[in-house]
Amino acid sequence: MKKCLASRYIKKTDLRPEENKRILQDLFAFNSMKRTSFLWQRQDRKFFRDDGKERSHQLKLKDVFECNDYFANSARMAAAAMIKSGQELAKLYIEDAKEDIKAIRKALRKKKNYRKKLLKIKESIIKYTKDPKKPLKGSANIQFQKDGSVTVQFFQKIWVYETLYLFEHQWLDRKLRQLKTQIAKMEHKLKRLEIKQKRLKDHPLKVRFGGKKLTRNRTIPERHRALGKRRNRRMQISGRKDCKYGNFVFHYDIETKTLEYRSMTGWNGDRVCFPDVTFPYGQTWIESWLKERKGAIAWEIVDCGNAWQIRCILTEEAENMNNYYGDGTIGIDINYDHIAMTETDQSGNLLHHEIFRYDMEGKRSGQIKHQISESLEKIFQYADQQHKPVTAENIKSIQRKKFYDKHRKKHRHISMFASACIRELLISKAVKHHIGVKFVHPAYTSKAGKMRYLRRYGLTVHEAAALCIARRGQGYKESIPSYLKPYLTNKKVRALIPQQWGSLTKLINKVTTQNLLTYQDPVLHRN
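Residues numbered from 1 in each chain as written. Predicted model: local features only at pLDDT ≥ 70, side-chain atom pairs only at ≥ 80, totals over all residues. Heavy atoms only, no water.

### Regarding the sheet that holds strand β9 (residues 250-253)
- The sheet built from 3 strands is open, its strands ordered β9-β10-β11 with antiparallel pairing. The two strands at the open ends of the sheet, each matched to only one other strand, are β9 and β11 (272-274). On average, each strand axis in the sheet is tilted by 20° relative to the strand beside it, whichever way the strands run.
- Relative to strand β10 (residues 258-261), β9 runs antiparallel, the two sharing 4 bridges. Across the sheet, the residue bridging to aspartate 253 is threonine 258, located in β10.
- Against the sheet, helix α1 (residues 17-42) contacts β10 and β11, and its axis sits at roughly 100° relative to β11. (Pairing = 2+ DSSP bridges. Helix = DSSP H or I, 4+ residues; strand = E, 2+ residues; numbered from the N terminus. Axes fitted to C-alpha atoms, helices over the stretch in contact; angles between N-to-C directions. Contact = heavy atoms within 4.5 Å.)

And the structure:
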């Protein structure tokens, strides 16, 4: 797993003015190379020698900017990474657009069918006013009474209209106008999404060096100066395995904590020394990596205004991981606003349960990541104390259902659910604490936990799901309880266990947690 370790800030006053100037020149030259290489790769430009053979971009950059191979190659790789990142981001946007189109078409189909039913009711009312002998067509929620009144019911709400005229003009016509407007808006959005999807397939995403705000807004004072600083802010040099210190440009001294940098303009001259370069997190990793000469190390210089920051990128391999599930495991169920944790013994019985809460509402992505990281840190510290591995749900297999025109709160929660961030943090914490992590499919864990363990242990639904996840990581299966087997159809009696839970989903959804906790019949809850 790759790690990016940031050092403490190094004041520019700790370096000589000529050294700061030389670093700024290198940052400008490196980022100019990166933008040039990005343009060449995006345009698929080719260069040829005098003998007709093709010439690489790296050698062309080296000749144009008169620099070393290490800088030219790093700039080319950085440009290629930006292009690859844009392609992957476009794929994600296309998948999201597909899901949105599918959800809108489904909602649009329901709206049109509902409007057709209301138009038939409207037509029957017109025919009835002309000829009272003709019947009135109602529906499940619209009923015509014998006294001439009309009742409209939606869930627990009931509206009563005394005459057909009042029902037609106060409710039916108004509803038809609303549906017509909603259908037009949905069709317009569907067309816009189809155009967006086609544009993403045909044209690559734009890249604005320096940020969209500075490049587009021309009213910002000293815009060109701020844009230049933003564009030439950082420089990352890739490492080499055949080098003694993992990088030919940078040399980090473990004893004196100084970082020597060979400048692009003065490669054979004096080196720039950054004093007191220490890393608050990961100092031991860097020192052990350099002592054992494990491989390449990439270094990055970041201009932070009145200070420099050094970043070290290395690949930390998972060593001495605790992957033994024979003594139990720690199961976690990840939700929008909390993480439910359970601990099991070697037989899969519950030993401990706990909930770690956090709040995503109104938070930025960095704040959300920090809150989730703190919660996971507590869980892994507990797992380290108990000497047990962790079992989590495979977040990639969770189907992000798209809801349109309903369930807006649920839709927002699903959109804010940081699935990729949580998976990345889980792997990072596992490497840090040397604890193994197993990802299992979360299908029907909430249903099985609700019907099997919620009342027995007094758990919440999410803690019961975490218990099922832990047991699934140990290899146990959650069979259908005996009191639910009579509800299985003949086709599902001998089916697989996941298929049996799937057939009982509608029945289980009707059972509330309060009904499970207050029901006193022991036969109904016998496992």
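### Some points on the state of the cysteines
- One pass over the structure, following the stated rule, counts 0 disulfides.
- In this structure cysteine 4 is not part of a disulfide, and its nearest cysteine sulfur, from cysteine 312, lies 8.2 Å away.
- Residue cysteine 304 stays outside any disulfide, its sulfur separated by 12 Å from that of cysteine 4, the closest cysteine.
- Judged by relative accessible area, cysteine 304 falls into the partly exposed class, the value being 24%. (Disulfide = S-S within 2.5 Å. Buried < 20%, exposed > 50% of the residue type's maximum accessible area, 1.4 Å probe, protein only.)

### Looking at a positive patch on the surface
- Where like charges cluster on the molecular surface, the positive patch consists of Lys102, Lys106, Arg109 and Lys110.
- Counting through the fold element by element, lysine 106 comes out in helix α3 (residues 69-130).
- For lysine 106, a relative accessible area of 48% puts it in the partly exposed group. (Patch = residues over 30% accessible without salt bridge, like charges linked within 9 Å, V, L, I, M, F, W, Y side chains within 5 Å. Areas by Shrake-Rupley, 256 points an atom, 1.4 Å probe, with all protein chains shown as cover. Salt bridge = Lys/Arg side-chain N within 4 Å of Asp/Glu carboxyl O. Lys, Arg positive; Asp, Glu negative; His and termini not counted. Charge placed at Lys NZ, Arg CZ, Asp CG, Glu CD.)

### Structural notes on the sheet that holds strand β16 (residues 350-357)
- Ordered in space as β16-β15-β14-β17-β18, the 5 strands form an open sheet in which the pairing is mixed. Of all the strands in the sheet, the pair left with one neighbour each is β16 and β18 (437-440). The average angle at which neighbouring strand axes cross in this sheet is 20°, direction not considered.
- Sheet topology places strand β14 (residues 330-334) next to strand β15 (residues 338-344); 5 bridges connect them, and they run antiparallel.

### Let's talk about the packing of helix α8 (residues 365-386) against helix α10 (residues 419-433)
- Taken N-terminus to C-terminus, the directions of α8 and α10 make an angle of 35°; their axes are 10 Å apart at the nearest point. For the pair α8 and α10, the crossing hand works out as right-handed. From α8, Lys369, Ile372, Ser373, Leu376, Glu377, Phe380, Gln381 and Asp384 reach across to α10, where they touch Cys421, Ile422, Glu424, Leu425, Leu426, Lys429, Ala430, Lys432 and His433.
- Classifying every residue of the contact of α8 with α10 by side-chain character gives 8 nonpolar, 3 polar and 6 charged. (Left-handed = near helix turned anticlockwise from the far one by under 90°. Nonpolar A, V, L, I, M, F, W, Y, C, P; charged D, E, K, R; others polar.)

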